[in-house]
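This is what each chain is made of:
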Amino acid sequence: MWLMNSVDPSISNTLGMIIISGLLLAGIRAEYRTKHRLALGLLTCAALMMRLLATTMDPFLNYWDEVFHAAVARNLIDHPFTPMLYTEPAMPVTENWSRMHIWLHKPPFFLWQIALSLWTFGPEPWAVRIPSALWTTALVPVTYRLARLLTHELPSSTSRAVAFGAALFTAFNSYLQELVAGAISTDHNDAIFFSLVAVSWWAYWEHRSKHSFHWALLAGLASAAAVLCKWYFGLIVFLPWTLEVVMDRSRSAIKAYLGAVAMVLILAGSWLLYIHLRFPAETAYERWFKAMHFQVAVDGHEGGPTYHLTVIGTYLAPLTWWVVAIALLVILALVRAPSVRHFLVLTIVPTHVFFALAATKMVSYTLFLLPLYLIAIAAGITWSLARVRLARPILILPMVACTGLAVLLWQPWTTSARHPRVGTVGIDAHRAQQFAVLEQEPRLANLMPVGTPTVLFNVPFVYDVQFMFRNGIQCMRGIPDDAVIERLRAKGYRVFVLQDGVDLTNIPAGVELITDSMFSYPRIARL
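On a predicted model such as this, the values are computed, not experimentally measured, just so you know.

J.: Help me understand the sheet that holds strand β1 (residues 454-457), please; the structure alone is not making it clear to me.
T.: The strands that make up a sheet are held in pairs by hydrogen bonds between backbone atoms, and each pair lies either parallel or antiparallel. Read across the open sheet, the four strands follow the order β2-β1-β3-β4; overall the sheet is parallel. The open sheet has two edge strands, β2 (474-476) and β4 (512-514), and neither has a second partner. In this sheet, adjacent strand axes meet at a mean angle of 20° when their direction is disregarded. Summarising the sheet, strand β3 (residues 494-498) and β4 pair through three bridges and their orientation is parallel. Bridge pairing in β4 links V497 to L513.

This is the structure in structure tokens:
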């Protein structure tokens, strides 16, 4: 990783693309020669290389929501069971998730993993992204195996072609790349959540295939981890599973189901009980805040009932919602097993209905269904092109078509445009601002005392949290009032205030002032 950061980004990206393309071609060749494990291994290696490159695309933390996740995760290193954005309660914290003391806005499982990465590698943006890179890499073989299990009744060659296509689309997917890079809102929270939900589906179908209690427990474990990553849609595996138990009613089916439920209750339930007992006020607020997402467009995230359908065309181009819908109808027609049909319908339809009715709309709310979309697309391509009469039709045309679509999903030619560097013609003003802050901020850090409890105020929004992450100093936007200053000084803090264009007569007494002549944040494009 140090080597990737020390080399010019354009050079490392070019070398990475060459290696990834080589792995792709080698994987296709291995699949054509029916070396299926080797082919999957090569695709997984290509995915890992792509995800690691994604961790270095931006040398700064992105605004939404990566910077907040990173700051909370850094604090978890020293306080693993007390999620905090601001560790000092004497700061003028509020109930707003961007200014909280106790931070229960998201569950902690993905944050614990980021904290472990930061503890291992230090407070670096790429270290924040490592867990997402690993989980979305693991999603490749998980999607492959899930596809094999869902299409097990088809001829083996057809099932393998579908699985390879789905794995190919998962590996070469610019949407997942952008999640890993922290460039799409909710970033690592969603990247890890998607993967955990897919693991719960995979384990559920392994349980159905092998009638193994251990696989049922793994499904429950993955579902519990998904709940601890992004609340209750982590339980989605239990919708089709409940129907299965109701229809089956055998003792072994009920035992496996209850075992999985017990895993969720023990693991996820323990955390929910813990925060209810230790942080009752904050927990009650978060329950209310989550409920409000259904009634009103929280934080301005609004859209119509078809919002999450149009998202497919925006983030999974060249796919569109109607292409995915047709592909899902194809796989429902191809796979006649009632269990598979129930699984697909009871997973996809309630998800879209729920979020269509919810007032708050966000890009990734329904995209944890991505593995199922990609399996359906691979099945549609394999089925339609297998009609063509060739010596090896099940491999040749579908493989070529899937590879072409994978490249379109990957969009390697747009990487530089999505993540331009300093000096690039037409660079987005906010990216230019980020680079300018990254270059100039060390001057501000050098003005902070070493070894003395320190707080810093009046840093522009978001850059306050970035500075706090990078330097470990409590930092907040706005000018504190006299009561806050007195409270902090009583606890032994030196209170600094950045002038940042404010009239000096409005700076309260009792603080140490950093004037504009000493340091001022760039004003290219602030939030």
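J.: Looking at this structure, I do not really get the pattern of salt bridges. What am I missing?
T.: Close approach of charged atoms allows side chains with opposite charge to pair. Taken as a whole and judged by the stated rule, the model has 13 salt bridges. One salt bridge in this structure joins E66 and R129, with 2.7 Å as the shortest N-O distance. In this pair, E66 is assigned in helix α4 (residues 66-76) and R129 in helix α6 (residues 125-150), connecting sequence segments 63 residues apart. Look at E66 and you get buried, because its relative accessible area is 0%. The closest approach of N and O atoms between D500 and R526, which form a salt bridge, is 2.8 Å.

J.: Where do I start with the packing of aromatic side chains in this structure?
T.: Describing an aromatic ring pair means giving the distance of the ring centres and the angle of the ring planes. Inspection of every chain in the model, using the stated rule, returns 38 aromatic pairs. Ring centres of W112 and W271 lie 5.6 Å apart, and the angle between their planes is 85°; this geometry places the pair in the edge-to-face category. Here W112, found in helix α5 (residues 109-121), pairs with W271, found in helix α12 (residues 251-278); they are 159 residues apart in sequence, far enough to count as distant. In this structure W112 comes out as partly exposed when scored by relative accessible area, which is 25%. Relative to F194, the ring of Y175 lies with its centre 6.3 Å away and its plane at 25°, an arrangement referred to as stacked. Taken together, the residues span a long stretch of sequence, with Y175 in helix α8 (residues 174-180) and F194 in helix α9 (residues 187-210) at a distance of 19 residues. You'll find Y175 and F194 in the same group, each marked buried. The ring centre of F213 lies 5.2 Å from the NZ or CZ of K255, which sits over that ring.

J.: What should I look at first to understand helix α13 (residues 280-295) in this one?
T.: Side chains of residues three or four places apart in an α-helix project in the same direction, reflecting 3.6 residues per turn. Between its first and last C-alpha atoms α13 spans 23 Å; for 16 residues at 1.5 Å apiece the expected length is 22 Å, and the two agree. Within α13, burial applies to T283, Y285, E286, F289, M292 and H293. Packed against the buried residues of α13 are α12.

J.: Would you mind showing me how to read unusual backbone geometry here?
T.: Backbone geometry follows two general trends: most residues other than glycine have a negative phi, and most peptide bonds adopt the trans configuration. Residue D65 follows W64 across a cis peptide bond; omega there is -5°. Following A317, the chain continues into P318 via a peptide bond in cis, with omega recorded as 15°. In this fold, P318 is placed in the loop between α14 (307-315) and α15 (321-334). Phi at H211 is positive, roughly 55°, even though this residue is not glycine. Position of H211 relative to the elements: it lies in the loop between α9 and α10 (213-230). A relative accessible area of 68% places H211 in the exposed class. Within the chain, V462 stands out as a residue other than glycine whose phi angle is a positive 80°.

J.: Hey, could you run me through the pairing of β1 in this one?
T.: Residues in a regular strand point their side chains to alternate faces of the sheet. Of the two faces of β1, both are covered, the one formed by T454 and L456 as well as the one formed by V455 and F457. The pairing of β1 with β3 spans four bridges and is classified as parallel. Bridge pairing in β3 links V455 to V495. One ladder, built from three bridges, connects β1 with β2; its direction is parallel. Bridging across to β2, L456 finds its partner in C475. In this fold, β1 hands off to helix α21 (residues 463-471), which returns the chain to β2; that crossover is right-handed.

So, how was this worked out
Residues numbered from 1 in each chain as written. Predicted model: local features only at pLDDT ≥ 70, side-chain atom pairs only at ≥ 80, totals over all residues. Heavy atoms only, no water. Pairing = 2+ DSSP bridges. Helix = DSSP H or I, 4+ residues; strand = E, 2+ residues; numbered from the N terminus. Axes fitted to C-alpha atoms, helices over the stretch in contact; angles between N-to-C directions. Salt bridge = Lys/Arg side-chain N within 4 Å of Asp/Glu carboxyl O. Buried < 20%, exposed > 50% of the residue type's maximum accessible area, 1.4 Å probe, protein only. Phe/Tyr/Trp six-rings, centres within 6.5 Å; stacked < 30°, edge-to-face > 60°. Lys NZ or Arg CZ within 6 Å of the ring centre and 35° of its normal. Expected span 1.5 Å × (residues − 1). Contact = heavy atoms within 4.5 Å. Right-handed = clockwise from strand over helix to strand, strands pointing away.

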